[in-house]
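Residue-level structure breakdown
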Amino acid sequence: MLDLPKIVRVRLNSPSNPLGGHPDADLLTAFAEHSIGDCERAQVMQHLANCGDCREVIRLAQPQIENLIVRHSSGPIAWLSWPVLRWGTLAAFAVIVSVALLTKRHEKANLESRISTQVARSDQQITKLPETKLSSTLESKHPESKNMPASRTAGKTALQPSRRSQASYGAGIAGGVGSGPKNKLTGRAVFAIPSGGKSPPPSLFERKADREQKQVEKDSAPSAASETVTVEAEAAQITDMAEAIPGKAKEPQPKSQNGTAGGTIGGLVANSVPHANQPGREQMSLAKITTIPRWTVSSDGVLQRSLDGGATWETVPVEKNVIFRAVSVVADSVWAGAAGGALYHSADTGRSWTGIHPSAKGAMLTGDIVTIEFTDLQHGHLTTTNGETWLTPDGGQTWQKK
Amino acid sequence: MTNSAQSGIVFSSAMDSVLTELYQKSGAEKFGISQREFNVILEEIGRKYLATNTSEANARELYLSLRTEELALARACACGNENAWETFLIRYREKLYDIALHIAREASAARELADSLYADLYGTITRDGKRASKLASYTGRGSLEGWLRTVLAQEHVNRYRRQKRFVSLDEESEDGTQFAASDPEPVCVVDSRVENATDEALAGLPSEERFILASYYLDGRTLAEIARMLRVHESTISRKLEKLAKALRRQILSGLRRRGMTHRQAEEALEVDVRDLQVDIRRRLAQDSNSPSFPGKKVQARASDGPG
């Protein structure tokens, strides 16, 4: 803080205008409580600017700081304090990230199940593996297959019609994105597709190879999983591209080698559509959330309500000159507590209010209400500055003092 | 139509209905105050705070801003109503001692302070055969609890000042000041241009900014305390103080240059020790309210020690 020149302090201490009489206790109180008009406030402020004694009185007459701390820590206004906002932002960020991750995982699970179902279906009819696929799989799991005769390897290139569905699936992925054979994704279209001609019936070796392949697939579940993941990655890319180039995914595949290709990729892309619509659903639920009224008490003790999720706040008129300190909301039931034991209840979200005067065994609630907490419409309790706790088991009909 | 002769306000029937509504809301009836008596109280308050030829709208605004329930309670207590006293004691007995302790910061002094206020509230002094209760002066402009705080604070300040006038020799000897030589008269090197330029800059300040400056630099209040008094965030006060100090310095320097000083001379003049300044001690003493009553007013005290 900059230091003032001493001359300024000295001249500041000599009143620029005659003080006259001091404001009475009522005016000073009203000034301290901000319950006087601007004109009177300006007059009192002018006096205070020149009168050290009245400044001292105002300072001494301030409520104890402990009460304010309790109020700030327990009242709903604490939601607006900086540390809470900071941690709240962090928490919100964490929630958003975790929701995104969960959504992603859900997408993956969906894709995984789809793909595994398709693969399982086609596997039932498979007699031969496509050349590169099976050979690479066998090479990785059964190195001895490298030594297979060329004829055997060549034999693997023949595809059964049923197997073509899987091939078309691969081609579908490749073609579904609307890219040519040089597209990166087409690298996955390694399934050799024979050009016409009838395929010979499965030979003994082929049946054996089929059995081997099934065994391999059974043994190499992790590799199958990694395969699935690769496909997922592709699907994600497809989805991304489909999002990046709207309408591109829906374009007919001009060079599709199989009629099912468009359909397959169409299914995949269509699968991503609901996820693309996810934000819309979130917006709807957000809209629902923002219509729920939020309540707070401002720092100067005014009860406020927001109908737009906290973007704007409106003052809720309850009673004049009441300094609110706490509010509690359960469904449409709103409880607001103020200084001097003033308690108000609204059963209709703040449209109408009823003053409540809790008393128990001849004792009345007089302390400043600092917290109110209702667990349901019936059960609630409140605490006051003088350490009292008042409970109600019946929505404020009767009260017990603790 | 009700004619309030004393305040000079002619109330319309609409105003009558406001007064009736306030009476009902105040609960004055249960303390034995009639509508007529209540209206008299309101008129008395109106007379105190409203201008003679004020409009009905202003009067209405004032009356609606009053804390009528607490006003009725206080006035009923002042009249000696037992029910009212019972309610008052239930609500404020413990609170009053807590407030006194908060102000006096010492249990016995707090009890003494609270007891003396109780006596005033009850009205131990009689005027014209009637008890004069301090509660009769409560007008409902602020909360009754806030008013009690203010009254206690005023009483505490008055006591402190009374006690300071009678410092015993024992206390002086404890402080080692009984034989202390008076401060030598400082050499008066005063440039009236500095005082004039400073006064000019301070005179241009809005009262709230002057209040903030005085609270921080003269009374030694913390940013948090000032912020609480003005109900703003302490960072706001911090920013304001920073800006004010800079602006004041700039304005004074500019004033000094206008009065014929060079920039360097003006800078040096602002650094002059306060003890070298001529202070009008006669005016200081006449300003009883500004006498060095409180700790933390060292600057003021030092200034008062200067030559007259």
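Just so you know, these numbers come straight off a predicted model, no measurement behind them. (Residues numbered from 1 in each chain as written. Chains lettered and ligands numbered in written order. Predicted model: local features only at pLDDT ≥ 70, side-chain atom pairs only at ≥ 80, totals over all residues. Heavy atoms only, no water.)

1. Description of the overall build of chain A
Worth spelling out the cut-off: Note on conventions: DSSP H or I runs of at least 4 residues are helices, E runs of at least 2 residues are strands, and numbering of each starts at the N terminus. Relative accessibility decides the category of a residue: with a 1.4 Å probe and only protein chains considered, values under 20% of the type maximum give buried, values over 50% give exposed, and everything between is partly exposed. Residues count as neighbours in contact if any of their non-hydrogen atoms are within 4.5 Å of one another. Only the protein chains shown count as cover for residues, and all accessible areas are computed by the Shrake-Rupley method using a 1.4 Å probe.
Helix and strand content of chain A: 13 helices and 13 strands. Looking at chain A residue by residue over its 402 residues, the buried ones come to 42%. In chain A, the proportion of contacts linking residues at least 24 apart, taken out of those at least 6 apart, comes to 53%. Within the structure as shown, chain A displays about 21300 Å² of accessible surface, and the carbon and sulfur contribution to it stands at 58%.

2. Topic: the nonpolar core
Residues and elements named next belong to chain B. This is how the line gets drawn: Buried residues of nine kinds, namely Ala, Val, Leu, Ile, Met, Phe, Trp, Tyr and Cys, make up a nonpolar core once their side-chain atoms join them within 4.5 Å.
Ranked by internal contacts, the top residues of the largest apolar core, which has 98 residues, are Phe88 and Leu135. Examining the composition of this core, we find that 9 residues originate from one element, helix H5 (residues 82–104), more than from any other. Those residues within four positions of phenylalanine 88 in sequence are excluded, and the remaining contacts are Leu73, Cys77, Arg93, Tyr118, Leu121, Leu135, Leu144 and Leu148.

3. Re the pairing of strand S2 (residues 303–306) of chain A
Note on strand geometry: in a regular strand, side chains alternate between the two faces of the sheet. All names here are of chain A. Quick note on the threshold: One bridge is not enough; two strands pair if DSSP finds at least two bridges between them.
Of the two faces of S2, both are covered, the one formed by Leu303 and Arg305 as well as the one formed by Gln304 and Ser306. Looking at chain direction, strand S1 (residues 294–297) and S2 are connected through 4 bridges and run antiparallel. Bridging from a neighbouring strand, arginine 294 pairs with serine 306 of S2. Once S1 ends, the chain turns through 5 residues before running back antiparallel as S2, passing glycine 301 with a positive phi of about 80 degrees. Alignment of S2 against strand S3 (residues 314–315), held across 2 bridges, turns out to be antiparallel. What sits directly across from glutamine 304, in S3, is threonine 315.

4. Some thoughts on the sheet that holds S3(A)
Strand-to-strand pairing in sheets goes through backbone hydrogen bonds, with the strands running parallel or antiparallel. Taken together, the 3 strands give an open sheet; going across it, the order is S1-S2-S3 (chain A), and neighbouring strands pair in antiparallel fashion. Here the strands that pair on one side only, and so sit at the sheet edges, are S1 and S3 of chain A.

5. Considerations on the pattern of salt bridges
Stated formally: When a carboxyl oxygen of Asp or Glu lies within 4 Å of a side-chain nitrogen of Lys or Arg, that pair is called a salt bridge.
The final tally for this structure, using the stated rule, is 23 salt bridges over all chains. A salt bridge links Glu40(A) to Arg141(B), with the nearest nitrogen and oxygen atoms 2.6 Å apart. Residue Glu40(A) is found in helix H3 (residues 38–50), and its partner Arg141(B) is found in the loop between strand S4 (130–131) and helix H7 (144–165); the two belong to separate chains. One exposure class covers both Glu40(A) and Arg141(B), and it is buried. The shortest N-O distance in the salt bridge between Glu225(B) and Arg59(A) comes to 3.5 Å. Residue Glu225(B) is found in helix H11 (residues 223–230), and its partner Arg59(A) is found in helix H4 (residues 52–60); the two belong to separate chains. On the basis of relative accessible area, Arg59(A) is assigned to the buried category, the value being 19%. Residues participating in the shared-partner salt-bridge network are Arg325(A), Asp368(A), Lys95(B), Glu145(B) and Arg149(B).

6. What about a nonpolar patch on the surface?
We count it as follows: Each patch groups residues whose relative accessible area exceeds 30% and which form no salt bridge, using 9 Å between like charges and 5 Å between nonpolar side chains of Val, Leu, Ile, Met, Phe, Trp and Tyr.
Residues Phe93(A), Val97(A) and Leu101(A) make up a contiguous nonpolar surface patch of roughly 310 Å² in combined accessible area. For Val97(A), the position within the fold is in helix H6 (residues 82–125).

7. Some remarks on the state of the cysteines
All names here are of chain A. The cut-off we apply is this: To count as a disulfide, a pair of cysteine sulfur atoms needs to be within 2.5 Å.
One pass over the structure, following the stated rule, counts 0 disulfides over all chains. Counting only cysteine sulfurs, cysteine 54 is the nearest neighbor of cysteine 51, a cysteine outside any disulfide, at a range of 3.6 Å. What makes cysteine 51 buried here is its relative accessible area of 0%.

8. What about the environment of Gly52(A)?
Within the secondary structure layout, Gly52(A) lies in helix H4. For the pair Gly52(A) and Asn13(A), spaced 39 residues apart in the sequence, the C-alpha separation amounts to 8.7 Å.

9. Observations regarding the packing of aromatic side chains
As a reminder of what qualifies: Side-chain rings of Phe, Tyr and Trp, where Trp is taken by its six-membered ring, are said to pair if the distance between their centres is within 6.5 Å; with planes under 30 degrees apart they count as stacked, over 60 as edge-to-face, and otherwise as tilted.
This structure, assessed with the given rule, holds 11 aromatic pairs over all chains. A ring pair is formed by Trp335(A) and Trp399(A), whose centres lie 6.2 Å apart and whose planes are at 80 degrees; its orientation type is edge-to-face. One end of the pair, Trp335(A), is in strand S5 (residues 333–338); the other, Trp399(A), is in the loop between strand S12 (389–392) and strand S13 (400–401), and 64 residues separate them in sequence. Accessibility expressed as a relative area gives 8% for Trp399(A), which makes it buried. Aromatic pair Trp85(B) and Tyr122(B): ring centres 5.7 Å apart, planes at 55 degrees, arrangement tilted. Of the two residues, Trp85(B) sits in helix H5 while Tyr122(B) sits in helix H6 (residues 107–122), which places them 37 residues apart along the sequence. Assessed through its relative accessible area of 43%, Tyr122(B) is described here as partly exposed.

10. Considering the packing of helix H4 (residues 68–78) of chain B against H5(B)
Residues and elements named next belong to chain B. Put simply, the rule is: What counts as an axis is a line fitted to C-alpha atoms, over the stretch in contact for a helix, and the angles between N-to-C directions run from 0 to 180 degrees. Oblique is the label for any angle not under 35 degrees, not over 145, and not in the 65 to 115 range, which are roughly parallel, roughly antiparallel and roughly perpendicular in turn. Rotating anticlockwise by less than a right angle from the far helix to the near helix defines a left-handed crossing, while the corresponding clockwise rotation defines a right-handed one. All residues other than Ala, Val, Leu, Ile, Met, Phe, Trp, Tyr, Cys, Pro, Asp, Glu, Lys and Arg, Gly among them, are scored as polar; the first ten of these are nonpolar and the last four charged.
Relative to each other, H4 and H5 sit at 120 degrees, their axes nearing to 8 Å. Between H4 and H5, the interaxial angle falls into the category oblique. As H4 runs across H5, the sense of the crossing is left-handed. Of H5, the residues touching H4 (which contributes Glu69, Glu70, Leu73, Ala76 and Cys77) are Ala84, Trp85, Thr87, Phe88, Arg91 and Tyr92. Class assignment for the residues of the contact of H4 with H5 results in 7 nonpolar, 1 polar and 3 charged.

11. Quick word on helix H1 (residues 6–13) of chain A
When you tally the buried positions in H1(A), you get 7 out of 8 residues, the bulk of the element. Every buried residue of H1(A) is listed here: Ile7(A), Val8(A), Arg9(A), Val10(A), Arg11(A), Leu12(A) and Asn13(A).

12. Quick notes on the interface of chain B and chain A
One widely used convention gives an interface's size as the accessible area the parts lose upon coming together. The test is simple: Computed with a 1.4 Å rolling probe, the buried area is the accessible surface lost when two parts are put together, summed over both parts. Side-chain atoms alone can form a polar contact between residues adjacent in sequence; in general such a contact is a pair of N or O atoms within 3.5 Å, and within protein one must be able to donate a hydrogen while the other accepts it.
Taken together, the contact pairs 79 residues of chain B with 64 residues of chain A. Of all residues in chain B, the largest losses of buried area upon contact with chain A belong to Arg141(B), Arg228(B) and Arg231(B), amounting jointly to 12% of the total for that side. Where chain B meets chain A, there are 7 salt bridges. Between Lys25(B) and Glu319(A) there is a salt bridge; the shortest N-O distance is 3.8 Å. Our count for the chain B to chain A interface comes out at 17 residue pairs in polar contact (both at pLDDT 80 or more). Sort the elements by how many residues they give to the side of chain B that touches chain A and H7(B) lands first, with 11 residues. Each residue belonging to the side of chain B that touches chain A can be placed in one class, and the counts come to 33 nonpolar, 20 polar and 26 charged.

13. Notes on unusual backbone geometry
Not every positive phi belongs to a glycine, and Asn321(A) is a case in point at roughly 60 degrees. Inspection of the secondary structure puts Asn321(A) in the loop between S3 and strand S4 (324–330). For Asn321(A), a relative accessible area of 23% gives the class partly exposed. Positive phi is not limited to glycine here, since Arg231(B) has a value of about 55 degrees.

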